[in-house]
Amino acid sequence: MAPAYTHGHAESVLRSHRTRTAANSAAYLLGALKPGQSLLDIGSGPGTITADLARLVAPGRVVALETSEDVLALTRAGVTETGADNVDYLVGDVHALDLPDDSFDVVHAHQVLQHLPDPVQALREMVRVCRPGGVVAVRDGDYGAFTWFPENPGLDRWLELYSAAARANGGEPDAGRRLLSWAHAAGCHDVTVTSSTWCYADPESRAAWGEGWADRILHSAIATQLVASGLADADELATVAQAWRDWAAEDDGWISLLHGELLIHV
């Protein structure tokens, strides 16, 4: 049941993911955090959010969980760079966590459920390892609700291709709108539901997002998958990359990315 990660871990992907912080990616959770808590961070990636969470719960400890030692090495490097020393590292599968019941005060997963073949089972496991009185926090994008200006057929095609690739990998790119239903299916009913957005419209953030996706659609796991599966060829991916660059160069360019958020009260 090991999930396939549509984005992969190319430098173009990591460059974007390293901009994520607790403030811009887990604001809905921050009010529930206190010094001394234990926290499980599922899908810790390059470790920028992990390090922030570790600082907020210190002297409590954080366990960063990833799917392989190679990916976990990225987390370790990112956390070590910040000087945080209250993080432990674990390889595992969120569908079947090798952890005891009631192990953590907080269980957190950012942009994870959208990539999983069974997000409901993942939520059951996250709740199982969370202590009574604790919280399970999940946040996922909803690609179908992303919106941008000016209109650009190349970006429309990007969304079609990304969604097809994600679903071929067993994921659900429109996860944000489904989080509450998945929580209910997992037996969770004491849930606080919110949403938030990332918005890129100033020249610097627009260039970073547009150039980042132009690079990613040409040189990352999704590019390899799209060509190998016959969903697109190299020429079409080059056209999509140019569409991202054209959008980023627009003085009026604007994009808003919607995310669903849940705090499950255990």
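Refer to the structure presented above.
On a predicted model such as this, the values are computed, not experimentally measured, just so you know.

J.: Just give me the short version of helix α11 (residues 234–249), but keep the residues and values in it.
T.: Its 16 residues place the ends of α11 23 Å apart at the C-alpha level, agreeing with the 22 Å of an ideal helix rising 1.5 Å per residue. Listed as buried for α11 are L237, V240, A241, A243, W244, W247 and A248. The buried residues of α11 occupy an angular sector of 150 degrees when the element is viewed end-on, so they sit on one face. Pointing more than 90 degrees away from the buried face of α11 are the exposed residues D235, T239 and A249. Structurally, α11 contributes buried residues whose contacts are with β6 (147–149), α7 (153–168), β7 (191–200), α9 (203–216), α10 (221–229) and β8 (254–265). You can read the cap of α11 off the contacts: a side-chain oxygen lies 3.2 Å from the backbone nitrogen of D235, and it is on D233.

J.: Can you tell me about the pairing of strand β4 (residues 104–110), naming the residues and giving the values?
T.: The element β4 is extensively covered by neighbouring structure, given that six of its seven residues are classed as buried. The sheet contact formed by strand β1 (residues 39–42) and β4 spans four bridges and is parallel. If you follow I42 over to β4, its bridge partner there is A109. With six bridges connecting them, β4 and strand β5 (residues 130–141) associate as parallel partners.

J.: I'd love a proper account of the packing of α7 against α11, names of residues and values included.
T.: Think of two packed helices as two axes; the pair is described by the angle between the axes and how far apart they sit. The interhelical angle for the contact between α7 and α11, taken along N-to-C directions, is 125 degrees, at an axis separation of 8 Å. Of the possible angle classes, the one that applies to α7 and α11 is oblique. As for the relative orientation of α7 and α11, their crossing is left-handed in sense. Here G154, L155, R157, W158 and L161 of α7 lie close against α11, whose contacting residues are E236, L237, V240, A243, W244 and W247. Of the residues contributing to the contact of α7 with α11, the split by class is eight nonpolar, one polar and two charged.

J.: So what's going on with the environment of E69? Residues and values would help.
T.: Position of E69 among the secondary structure elements: in helix α5 (residues 69–82). A sequence separation of 118 residues divides E69 from G187, and the C-alpha atoms of the two residues are 32 Å apart.

J.: Please provide a residue-by-residue account of the side chain of E125, values included.
T.: With respect to the element layout, E125 can be found in helix α6 (residues 119–128). The class for E125 is buried, based on a relative accessible area of 10%. Contact partners of E125, with chain neighbours within four places excluded, come to V94, H95, A96 and L97.

Parameters and conventions
- Residues numbered from 1 in each chain as written.
- Predicted model: local features only at pLDDT ≥ 70, side-chain atom pairs only at ≥ 80, totals over all residues.
- Heavy atoms only, no water.
- Helix = DSSP H or I, 4+ residues; strand = E, 2+ residues; numbered from the N terminus.
- Expected span 1.5 Å × (residues − 1).
- Buried < 20%, exposed > 50% of the residue type's maximum accessible area, 1.4 Å probe, protein only.
- Arc of directions from axis to C-beta.
- Contact = heavy atoms within 4.5 Å.
- Polar contact = N/O pair within 3.5 Å; in protein donor to acceptor, adjacent residues only side chain to side chain.
- Pairing = 2+ DSSP bridges.
- Axes fitted to C-alpha atoms, helices over the stretch in contact; angles between N-to-C directions.
- Parallel < 35°, antiparallel > 145°, perpendicular 65-115°, else oblique.
- Left-handed = near helix turned anticlockwise from the far one by under 90°.
- Nonpolar A, V, L, I, M, F, W, Y, C, P; charged D, E, K, R; others polar.

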